[in-house]
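Inside the fold
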Amino acid sequence: MKKFIVCITGASGSIYGIRLINELSKKYFVYAVVSKNAYLVMEKEEGISRENFIKNLPENVELFSENAIDAPIASGSRFSSIEGVIVAPCSMGTLGAVANGISNNLIHRTVDVAMKERKKVCLLVREMPFSLIHIENMKKFTLAGGIIAPASPAFYHKPETVEDIINFVVGKVLDIFGIEHSLYRRWKKDED
Ligand SMILES: Cc1cc2nc3c(=O)[nH]c(=O)nc-3n(C[C@H](O)[C@H](O)[C@H](O)COP(=O)(O)O)c2cc1C
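Residue numbers restart at each chain and count upward from 1, following the sequence in its written direction. Confidence filtering applies because this is a predicted model: local features only for residues at pLDDT of at least 70, side-chain atom pairs given and counted only at 80 or more, and all residues used for totals across whole chains, interfaces and linings.

**A closer look at the overall build of the chain**
A run of H or I in DSSP becomes a helix once it reaches four residues, and a run of E becomes a strand once it reaches two; helices and strands are each numbered from the N terminus. Per the secondary structure count, the chain includes seven helices and six strands. In sequence order, the secondary structure elements of the chain are arranged as β-α-β-α-α-β-β-α-α-β-α-β-α. Relative to the 2.2 N^0.38 estimate, which gives 16 Å for 192 residues, the radius of gyration of the chain is 16 Å and therefore close to what a compact globule would have. Summarising its shape, the C-alpha atoms of the chain cover approximately 50 × 40 × 35 Å along the three principal directions. We call a residue exposed when 12 or fewer other C-beta atoms sit within 10 Å of its C-beta, buried when the count reaches 20 or more, and partly exposed for counts in between; the C-beta positions come from the backbone. Here the chain holds 192 residues, and 39% of them are scored as buried. Residue pairs are scored as contacts if the distance between their C-beta atoms, which are placed from the backbone, is within 7 Å. When contacts within the chain are restricted to residue pairs at least 6 apart in sequence, long-range pairs at least 24 apart make up 77% of them. Throughout, the radius of gyration refers to the C-alpha atoms, and the reference size of a globule is 2.2 Å times the residue count to the power 0.38.

**Some details on the nonpolar core**
The term nonpolar core refers to a group of buried residues, namely Ala, Val, Leu, Ile, Met, Phe, Trp, Tyr and Cys, whose C-beta atoms join them within 7 Å. Counting 52 residues, the largest nonpolar core has Val6, Tyr16, Leu20, Ile86, Val87, Ala88 and Leu124 as its most contacted members. Non-local contacts of Val6, meaning those with residues more than four positions away in its chain, are made with Gly17, Leu20, Ile21, Leu24, Val30, Ala32, Ile86 and Ala88.

**Points about helix 6 (residues 132-143)**
One fewer than the residue count of a helix, multiplied by 1.5 Å, yields its expected span. Helix length check: helix 6 (12 residues) gives 16 Å between terminal C-alpha atoms against 16 Å at 1.5 Å per residue, within 8%. When helix 6 is considered as a whole, its buried residues turn out to be Asn137, Met138 and Phe141. All buried residues of helix 6 project into a common sector of 100° when viewed along the axis, lining one side. In this structure, helix 6 carries Leu132, Ile135, Lys139 and Leu143 as exposed residues pointing more than 90 degrees from its buried face. Where helix 6 terminates, the next one or two residues include Gly145, which has phi positive at roughly 110°. Throughout, the arc means the angular range of directions from the helix axis out to the C-beta atoms.

**Looking at helix 4 (residues 92-99)**
Taken together, the buried positions of helix 4 are occupied by Thr94, Leu95, Ala97, Val98 and Ala99. Packed against the buried residues of helix 4 are strand 4 (82-90), helix 5 (106-116), strand 5 (120-125) and helix 6. Following helix 4 by one or two positions, Gly101 adopts a phi angle in the positive range, close to 70°.

Such coordinate-based values are descriptive only and should not be taken to indicate function.
Here it is in structure tokens:
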């Protein structure tokens, strides 16, 4: 079974990471890494405790803490079956670390390894506004071959609920990896 790695950090929008894990695990095995700050934000934003998050993980998911620096995904030797790495949402702190080769936790290390193994890595960054430091880090990561995907919803698909807005952003991330889905209605789809 092909595999994805999904990392959730402490930026606003942990629901993006949760939705991605749920969608990807329908077709792929998913290694998930959740930072300690992500659990805090998840609790505050979604009312989901760490225990409930773990209890409700779908099949095909193996979860690691950010401290599990000896996890299989910390080594390039385990990356041959990895289709891609997604950090969703990605905090400016994690962006700064991965853009500068700093590997203080398993999320940083996983991205670092994926970059050296020339895998597709997508950071769903979330902050507003951006400082020049953030922009320089995004530029650096892009020049190194990574993909910066800001969590910016569109409105051309006429969202009616928050779910529609979340699904649009998650669908756009799946598009980056060429994964089929029906999470949002594509522009002029009905006119094809
Ligand atoms: C409710 C809440 C929302 C936050 N939203 C953001 C955000 O959107 N972007 C960001 O870069 N940091 C945000 N932060 C701050 C990060 O959680 C903080 O920088 C943390 O150190 C990130 O750590 P991590 O990247 O290891 O998860 C938020 C913090 C809280 C408590």
